[in-house]
Amino acid sequence: MADVVIGLDLGTGGVRAIAVNLQGQVVAQTTQSYPLLTPHPGWTEQQPADWVEASLTALSEVAAQIEGQTVVALGLSGQMHGMVPLDEDGQVIRPAILWNDQRTGAAVAEIEAAVPRSDLIQRTGNPAITGFQLPKLVWLRQEEPQTYAQVRQILLPKDYLGYVLTGEAVTEPSDASGIGCLNLASRQWDQDILAALDISPDLFPTVVESTAIAGRLKPELAERTGLPARLPVVAGGGDNAAAAIGLGISDRNLKRGSLSIGTSGVIFAPCDVPTPDPQGRVHLFCHADGGYHLLGVTLAAGGALRWYRDTFAPNIAFADLMALAEKSEPGARGVLFLPHLAGERSPYLDPDTRGAWVNLSLAHTQGDLIRAVLEGVAFSLRAALEVIQGTSPVNQLLATGGGVRSPLWFHLLADVLHTELVAPKAEEGAAYGAAILAMVGVGVYPSLEEAFETLPEAIEAVQPQKHAAYEAAFERYTPLYESLKVVR
Ligand SMILES: Nc1ncnc2c1ncn2[C@@H]1O[C@H](COP(=O)(O)OP(=O)(O)O)[C@@H](O)[C@H]1O
Ligand SMILES: O=C(CO)[C@@H](O)[C@H](O)COP(=O)(O)O
């Protein structure tokens, strides 16, 4: 009887569960989606009960696909930064507030008034950021004091799912470092920051490392899903760290990072010495391998292209939009695009900045506008990469996500970033990394190093070829963020 592990990724659009055999091959998979709630402009919420229902269905479906095989562990990953508040009975008190929610401006100001920004960066790797969990808790105290008074525990999305599955409230450093009060050096809660904010550390769960067993599957949920009772549930990682583990990215090779063009655009670079950017322009988080990593985030990357399609070209396939962009030329014949449709993280940390096309003329075509979107996203990521390369030697990126399915965008990104891009042979995302962490957690492999040996080799390296063609456009793009502040 073959053994398998299950990896689960609790994403924003839906949950993905996969079963992976001990040689690293995916043998079963399923996804289940759930709604995103936007009760006010700039607010994003989800019902944790929807996550639970979808996850139990996904786990049941995967269990059915691998009937007869023995499941030896389950590993978790998920969207970062969200807040699930629980009362003294462990019941959810209000909908979860998500990573891309922008309501916490006043809470960020309260945090930075209590703890100097430089101290926060030094201790946690990051300033207070609107999307992080700690500002959400402070917002709750400011805006919903009656709810706040009932809170006994707050959990991140995947850790809430782990709590439902096992009864144990546990987190791990890769996700916890996106809360805003995890001390980078100790990888535990920073008591001084919490004391300065008058927040009890008891609200936060126990922190264990990513390969630790967080708990065991409750018998009633084993029966519901068809998985073994008392199945070890391994703590896992935040989605970016887990995806990096699935690509073999760790501090064993500091030159190799990753680039993802999904809804958001992300550049991930592992580091051995945790050196935060003094201005907090890129994030510094704990990695799931026990080390650390830098993360540059463009909030609307593939999301900007999807917005274009939904708004101006409904029913047109992305591939057809790419064909139109191909008819334009590097530099989009002078059009520039700022992709700040949802505010921006790297390098500006500005939830209120907005997007724009600039320098339009009657001569410009749809192809120029689309190409400007692709280039604007690449320029935004280039700005993040330049900050990252201030301390990291990263010079090769494994490219993943829906956007790099387009050869045009893939090559354009290599040219603008001036960096070798490599397509991974298999791209199974964060669920795969969660499965690898689970394998190490139950001793299938003695270490992540040995688990990495099972990963398929990367293929198709693309070197930058037309870097110079984009340089003038990047130089014209860079000052636009400041100039456009006048229109706010
Ligand atoms: N053929 C394509 N060409 C260019 N971009 C594409 C293509 N297919 C998908 N995309 C982009 O990828 C995005 C979806 O990527 P995906 O990795 O599935 O993201 P997420 O998991 O965040 O939804 C789309 O919004 C779109 O911008
Ligand atoms: O906020 C971040 C990273 O800091 C995002 O990467 C979220 O973690 C994205 O979740 P999904 O879009 O993958 O669900």
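Residues numbered from 1 in each chain as written. Chains lettered and ligands numbered in written order. Predicted model: local features only at pLDDT ≥ 70, side-chain atom pairs only at ≥ 80, totals over all residues. Heavy atoms only, no water.

**Considering the site of ligand 2**
Under the convention used in this document: Any residue with a non-hydrogen atom lying within 4 Å of a molecule or strand is treated as near it. As used in this structure description, the phrase polar contact means that two N or O atoms lie within 3.5 Å; if the pair is within protein, one of them must be able to donate a hydrogen and the other to accept it, and residues adjacent in sequence are counted only when both atoms belong to side chains. What sets the accessible areas is the Shrake-Rupley method with a 1.4 Å probe; for residues, cover comes only from the shown protein chains.
As a matter of local geometry, ligand 2 sits amid Gly11, Thr12, Gln79, Met80, His81, Trp99, Asp239, Asn240, Leu295 and Arg345. A distance of 3.0 Å separates an oxygen atom of ligand 2 from a polar backbone atom of Met80. Asn240 is positioned with one of its side-chain polar atoms (N or O) 3.0 Å from an oxygen atom of ligand 2. For ligand 2, the protein covers 86% of the area, taking 380 Å² as the surface of the free molecule.

**So, the packing of helix 11 (residues 302-312) against helix 13 (residues 366-388)**
The condition is simple: In this analysis, axes come from line fits to C-alpha atoms, helices being fitted only over the stretch in contact, and the angle between any two N-to-C directions falls in the range 0 to 180 degrees. Only DSSP runs of H or I covering at least 4 residues are called helices, and only runs of E covering at least 2 are called strands; the numbering of each starts at the N terminus. Angles below 35 degrees are treated as roughly parallel, those above 145 as roughly antiparallel, those between 65 and 115 as roughly perpendicular, and all remaining angles as oblique. Handedness of each helix crossing follows the sense of rotation of the near helix against the far helix: counterclockwise by less than a right angle gives left-handed, clockwise gives right-handed. By the convention used here, residues are in contact when the closest approach between their heavy atoms is within 4.5 Å. Note that Gly is not counted as nonpolar here; it falls among the polar residues with everything else outside the nonpolar set of Ala, Val, Leu, Ile, Met, Phe, Trp, Tyr, Cys and Pro and the charged set of Asp, Glu, Lys and Arg.
The N-to-C vectors of helix 11 and helix 13 enclose an angle of 160°; their axes lie 9 Å apart at closest approach. Taken together, helix 11 and helix 13 sit at an angle that is classed as roughly antiparallel. Crossing of helix 11 over helix 13 shows right-handed handedness. Facing helix 11, whose interface residues are Ala304, Leu305 and Tyr308, helix 13 presents Gln366, Leu369, Ile370, Val373, Leu374 and Val377. When its residues are assigned to classes, the contact of helix 11 with helix 13 shows eight nonpolar, one polar and no charged.

**Observations concerning the site of ligand 1**
In the neighbourhood of ligand 1, 13 residues make up the surrounding shell, with Gly262, Thr263, Gly302, Gly402 and Gly403 lying closest. Take Gly302: an N or O atom from its main chain is 2.7 Å from an oxygen atom of ligand 1. Here an oxygen atom of ligand 1 sits 2.9 Å away from a polar atom, N or O, in the main chain of Gly402. When the free accessible area of ligand 1 is taken as 580 Å², the share hidden by the protein chains comes to 69%. Secondary structure elements with two or more residues in the shell around ligand 1: helix 11 and helix 12 (318-326). With three residues, helix 11 is the largest single contributor of residues to the shell around ligand 1. Counted by class, the shell around ligand 1 contains four nonpolar, seven polar and two charged residues.

**A closer look at the UniProt feature "active site" (unreviewed entry) in the protein chain**
Heads up, the condition is: UniProt positions are given in the numbering used here, feature names are shortened, and annotations may be inferred rather than shown by experiment. Residue burial is assigned from relative accessible area. The probe radius is 1.4 Å, only protein chains are included, and a residue is buried under 20% of its type maximum, exposed over 50%, and partly exposed in between.
Following the UniProt record, one finds the feature "active site" (unreviewed entry) at Asp239. Tracing the backbone through its elements, the reader meets Asp239 in helix 10 (residues 239-246). Taking relative accessible area as the criterion, Asp239 reaches 23% and is therefore assigned partly exposed. With residues near it in sequence (within four places) discarded, Asp239 still touches Asp9, Gly78, Gln79, Met80 and Ala430.

**Remarks on the packing of aromatic side chains**
Heads up, the condition is: Two aromatic rings, drawn from Phe, Tyr or Trp (for Trp, its six-membered ring), form a pair once their centres lie within 6.5 Å of each other, and the interplanar angle then sorts them: stacked below 30 degrees, edge-to-face above 60, tilted otherwise.
A complete count under the given rule lists 14 aromatic pairs for this structure. Between Phe132 and Phe285, the ring centres sit 5.8 Å apart and the planes meet at 45°, which makes this aromatic pair tilted. Here the residue Phe132 occupies a position in the loop between helix 3 (117-124) and helix 4 (133-143), and Phe285 occupies one in strand 17 (residues 283-286), the gap between them amounting to 153 residues. When the ring of Phe379 is compared with that of Phe474, the centres are 5.6 Å apart and the planes differ by 45°; the resulting orientation is tilted. Taken together, the residues Phe379 in helix 13 and Phe474 in helix 17 (residues 467-477) connect sequence positions 95 residues apart. For Phe379, a relative accessible area of 1% translates into the label buried.

**A word on the pattern of salt bridges**
This is how it is decided: For this document, the term salt bridge refers to a Lys or Arg side-chain nitrogen within 4 Å of an Asp or Glu carboxyl oxygen.
For the structure on display, the rule yields 22 salt bridges. Between Glu209 and Arg187 there is a salt bridge, with the nearest N and O atoms lying 2.8 Å from each other. With Glu209 in the loop between strand 12 (206-207) and strand 13 (213-216) and Arg187 in the loop between strand 10 (182-183) and strand 11 (188-189), the pair connects residues that are 22 residues apart, well separated along the chain. Residue Glu375 pairs with Arg371 through a salt bridge whose shortest N-O separation is 3.2 Å. You can see Glu375 and its partner Arg371 sitting in helix 13, four residues apart, about one turn around the helix. Each of the two residues, Glu375 as well as Arg371, counts as buried. Here the salt bridges do not stand alone but share partners, grouping Glu45, Arg94, Asp101, Arg103 and Glu144 into one network.

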